[in-house]
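So the chains spell out like this:
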Amino acid sequence: MGAVLVTGATGTVGSQVAKQLRAAGAEVTPLTRTPAGGRTGDLKDPGSLPLDGVESVFLVWPFATAEGARAVVDVLAARARRVVYLSSAAVREHEREVERLIEESGLEWTFLRPHAFAANALRWARRLRAGVVRAPYGRAAMAPVHERDIAAVAVRTLLEDGHHGAAYVLTGPEPITQAGQVGVLAEIAGFPARWEEVPPHHARAELLAEGWPPLAVDEVLQAQAALVTAPLPVTRTVEEVTRSAARTFREWAAEHATAFRSAPVPAGTMRAARIHEFGGPSVIRHDRIPVPRPGPGEVLIEVAATSFNPAEIGLRSGLLTEIFGTSLPRTLGWDVSGTVLETGADVTGLAPGDRVFGQVDGAAAEYVTAPANMLARAPESIPLAHAATIPVAGLTAWQAVHEHARITRGQRVLVNGAGGGVGMFAVQLARLAGAVVTATASPRSAAAVKGYGADEVIDYTATPLPDGMDVLLNLAAVPPRDAAALAGLGRTVVTIATPIEGGTHFVTRNDPGQLVQLAALVDRGDLVAGPSECHPLAALAEIHRRAESGRTRGKIVITPV
């Protein structure tokens, strides 16, 4: 028997076809665009295809149109006897045209029409590591097929007679929803991750921002919507052709678990939210800049999330240049949670794959470097992205409660401005210290603040604040006149915003030891850490606008994707 030409020989399916053909003793001619690993050739140049001695062809058509397919099919028909074409169950317009050309060519042919590839789940790898996959249609059910099963059917049809004229629809052995796939992957990878449903128009905007063609985006979303109410039927074709049972999605996930636990060290460029001048939210730009490399004592982090801090408004507008300097351009973001990808020289205690969080400058990007000794291991009980809510706000609250106010059991504590990110931690930490906590919050934040353990929540827009408190924690930026009125409300006054006469005003200190203690509280279930909202990096300017007009609460998480 002659050789088998395998196009797409470095792809998900093609590489498996080549491997299984060799295992079956067949002579394989892998087609590649570069000399390494195969014979060079290009489907855009049919004359370049290495067809000497080739009897059968595994054809992958990697283009979105059928333009140029006739010339390729004509060359194959003149030189080979058999072709197995990897189409799809959707049989899109260009796939239908390629099938028609093959049918009319005189070649022996077989079409493989797989439904969803199990390998499509790899698109969630980064989000799985972050702990949350946000997408629409979590109840869309399908039977993902393993690439090794597709390849096994291809090898049979390439090497055996009796498959001419067959169009094989390939699926896995059982249906599973998209949300169910995420659950399986999280279980096998060994970290908390979950599906979070989002409206289809949110997903559409994200895919368009990533460069997907509008027609392809709409096609994908429409197909997923249909699978919610009408899952596609499961076929037994894999078993019938190969005489072996099709592999389950769980088996596929177990084989690919490392791809979800760790990522390759990136090369090239990354996205980052930066300012090149001071001003309003419109000065935030989304640039492509080189991926940083870790220096001595540093690690490279794949960012799962950063979070928005109100002080970034001052940084962006140029009001805090005395604190943060005037060097531009500057990448935004101070909180980070993510996965260590690479370590620099002299790093001990952290290794690639470790899940970390901390306070880092420039975290509103896909990757960031940070001193290893300024990071802590992220809590294990919450999604990694949610850990980004902790560093700045959690450290500020910890230092206010334990270092400056020194709150003790039985004290009466008033937390002014409890509806913000620091407030949610300050209320909880004061309660854990044994205090009786009264908190101020707007009506839209009151329920959340009550949920964090405040004994009483006061609507500061309608009710006077109580006096005679042991401790006042002021977390709100208030006018000087209002700050003067706050001065007499507590015997001990601590403020992180507007200075108050007679009180302690402080700036948060980065302290990884305290982050370790905060993570331990989260993992024990004593401290709740989670976002009020989650948004992609592209929404950062809008979040700044909303914050400036007072339309945000809690901690808002920002993810690179």
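An account of the accompanying structure is given in this report.

**Examining the overall build of the protein**
Next, step 1: Looking only at helices and strands, the protein features 19 helices and 27 strands.
Next, step 2: Principal-axis analysis of the C-alpha atoms places the extent of the protein at approximately 95 × 45 × 40 Å.
Next, step 3: By residue count, 53% of the 561 residues in the protein fall in the buried class.
Next, step 4: Looking at the protein alone, contacts between residues at least 24 apart form 71% of all its contacts between residues at least 6 apart.
Next, step 5: Split by element, the accessible area of the protein, about 23900 Å² in all, is 52% carbon and sulfur.
Next, step 6: With 52 positive and 57 negative side-chain charges, the protein shows a spacing of 2 Å between the two charge centroids.

**A word on unusual backbone geometry**
Next, step 1: The omega torsion across leucine 328 and proline 329 is 0°, close enough to zero to call that bond cis.
Next, step 2: If you trace the backbone, proline 329 turns up in the loop between helix H13 (321-324) and strand S15 (330-331).
Next, step 3: The phi angle at valine 91 is positive, at roughly 40°, despite the residue not being glycine.
Next, step 4: The class of valine 91 is buried, set by a relative accessible area of 12%.
Next, step 5: Its identity as a non-glycine residue notwithstanding, aspartate 346 has a phi of 70°, on the positive side.
Next, step 6: Looking at where aspartate 346 falls in the secondary structure, it is placed in the loop between strand S16 (335-343) and strand S17 (355-359).
Next, step 7: Here aspartate 346 falls in the exposed class, since its relative accessible area comes to 70%.

**Some words on the environment of histidine 386**
Next, step 1: Looking at where histidine 386 falls in the secondary structure, it is placed in the loop between strand S19 (375-377) and helix H14 (391-404).
Next, step 2: A relative accessible area of 7% places histidine 386 in the buried class.
Next, step 3: Each residue touching histidine 386, except ones within four places of it in the same chain, is listed here: Val132, Arg134, Arg194, Ala529, Gly530 and Pro531.

**Topic: H14**
Owing to its 3.6 residues per turn, the α-helix aligns residues three or four sequence positions apart on the same side.
Next, step 1: An ideal rise of 1.5 Å per residue puts 20 Å on 14 residues; H14 measures up with 18 Å between its terminal C-alpha atoms.
Next, step 2: Turning to H14, its buried residues are Pro391, Val392, Ala393, Gly394, Leu395, Thr396, Ala397, Trp398, Gln399, Ala400 and Val401.
Next, step 3: If you follow the buried residues of H14, they end up packed against S16, S17, helix H15 (421-432), strand S23 (469-474), strand S24 (490-495) and helix H18 (512-524).

**Re the sheet that holds strand S3 (residues 39-40)**
Next, step 1: Read from one edge of the open sheet, seven strands run S3-S2-S1-S4-S5-S6-S9, paired in parallel fashion. Each edge of the sheet is formed by a strand with only one pairing partner; in this case those strands are S3 and strand S9 (166-170).
Next, step 2: Here strand S1 (residues 3-6) pairs with strand S4 (residues 54-60) via four bridges, running parallel. Residue pairing in the sheet places alanine 3 in a bridge with valine 54 of S4.
Next, step 3: Sheet strands touched by helix H1 (residues 14-23): S1, strand S2 (28-32) and S4. Its angle to S1, the strand with the most contacts, is close to 165°.
Next, step 4: Helix H3 (residues 93-103) rests against S4, strand S5 (82-86) and strand S6 (108-114) of the sheet, and its axis sits at about 160° to S6.

**Concerning the environment of threonine 248**
Next, step 1: Relative to the elements of secondary structure, threonine 248 occurs in the loop between helix H9 (237-242) and helix H10 (249-255).
Next, step 2: Counting along the chain gives 201 residues from threonine 248 to valine 449, while the straight-line C-alpha distance between them is 45 Å.
Next, step 3: Setting aside residues up to four positions removed in sequence, threonine 248 forms contacts with Pro173 and Glu174.

**Quick notes on the sheet that holds S24**
Next, step 1: The six strands are arranged S22-S21-S20-S23-S24-S25 in an open sheet whose pairing can be described as parallel. Both edges of this open sheet fall to strand S22 (456-459) and strand S25 (504-505), since each of them pairs with a single strand only.
Next, step 2: Pairing of S24 with S25, which is carried by two bridges, proceeds in the parallel orientation. Following the sheet pairing, threonine 495 is matched in S25 by histidine 505.
Next, step 3: Against the sheet, H15 engages strand S20 (412-416), strand S21 (436-441) and S23, with an angle of about 170° to S21.

**Quick look at the packing of H14 against H18**
Next, step 1: Closest axis-to-axis distance for the H14/H18 pair is 10 Å, and the angle between their directions is 100°. As summarised for this structure, H14 and H18 are arranged roughly perpendicular, according to the angle between their axes. Residue-level inspection shows Pro391, Gly394, Leu395, Trp398, Gln399 and Glu403 of H14 in contact with H18, the latter providing Gln514, Leu515, Gln517, Leu518 and Leu521.
Next, step 2: Split into classes, the residues belonging to the contact of H14 with H18 amount to six nonpolar, four polar and one charged.

**A closer look at the pattern of salt bridges**
Next, step 1: On inspection of all chains with the given rule, the structure shows 38 salt bridges.
Next, step 2: Measuring nitrogen to oxygen at the nearest pair gives 2.6 Å for the salt bridge that ties glutamate 97 to arginine 100. Within this pair, glutamate 97 and its partner arginine 100 are both found in helix H3, separated by three residues, close to a single helical turn.
Next, step 3: What makes glutamate 97 partly exposed here is its relative accessible area of 28%.
Next, step 4: Taking the shortest distance from any N to any O, the salt bridge between arginine 100 and glutamate 104 comes out at 2.9 Å.
Next, step 5: Overall, arginine 100 belongs to the partly exposed group, its relative accessible area being 30%.

**Some words on the pairing of S16**
Next, step 1: Of all the nine residues making up S16, seven are buried; the element is thus mostly covered by neighbouring parts of the structure.
Next, step 2: Note that strand S14 (residues 298-307) and S16 share six bridges and pair antiparallel. Residue valine 299 lies in a different strand from S16, and its bridge partner there is threonine 343.
Next, step 3: Relative to S17, S16 runs antiparallel, the two sharing five bridges. Considered in S17, the bridge of threonine 339 is made with arginine 355.

Quick notes on the rules
Residues numbered from 1 in each chain as written. Predicted model: local features only at pLDDT ≥ 70, side-chain atom pairs only at ≥ 80, totals over all residues. Heavy atoms only, no water. Helix = DSSP H or I, 4+ residues; strand = E, 2+ residues; numbered from the N terminus. Buried < 20%, exposed > 50% of the residue type's maximum accessible area, 1.4 Å probe, protein only. Contact = heavy atoms within 4.5 Å. Areas by Shrake-Rupley, 256 points an atom, 1.4 Å probe, with all protein chains shown as cover. Lys, Arg positive; Asp, Glu negative; His and termini not counted. Charge placed at Lys NZ, Arg CZ, Asp CG, Glu CD. Expected span 1.5 Å × (residues − 1). Pairing = 2+ DSSP bridges. Axes fitted to C-alpha atoms, helices over the stretch in contact; angles between N-to-C directions. Parallel < 35°, antiparallel > 145°, perpendicular 65-115°, else oblique. Nonpolar A, V, L, I, M, F, W, Y, C, P; charged D, E, K, R; others polar. Salt bridge = Lys/Arg side-chain N within 4 Å of Asp/Glu carboxyl O.

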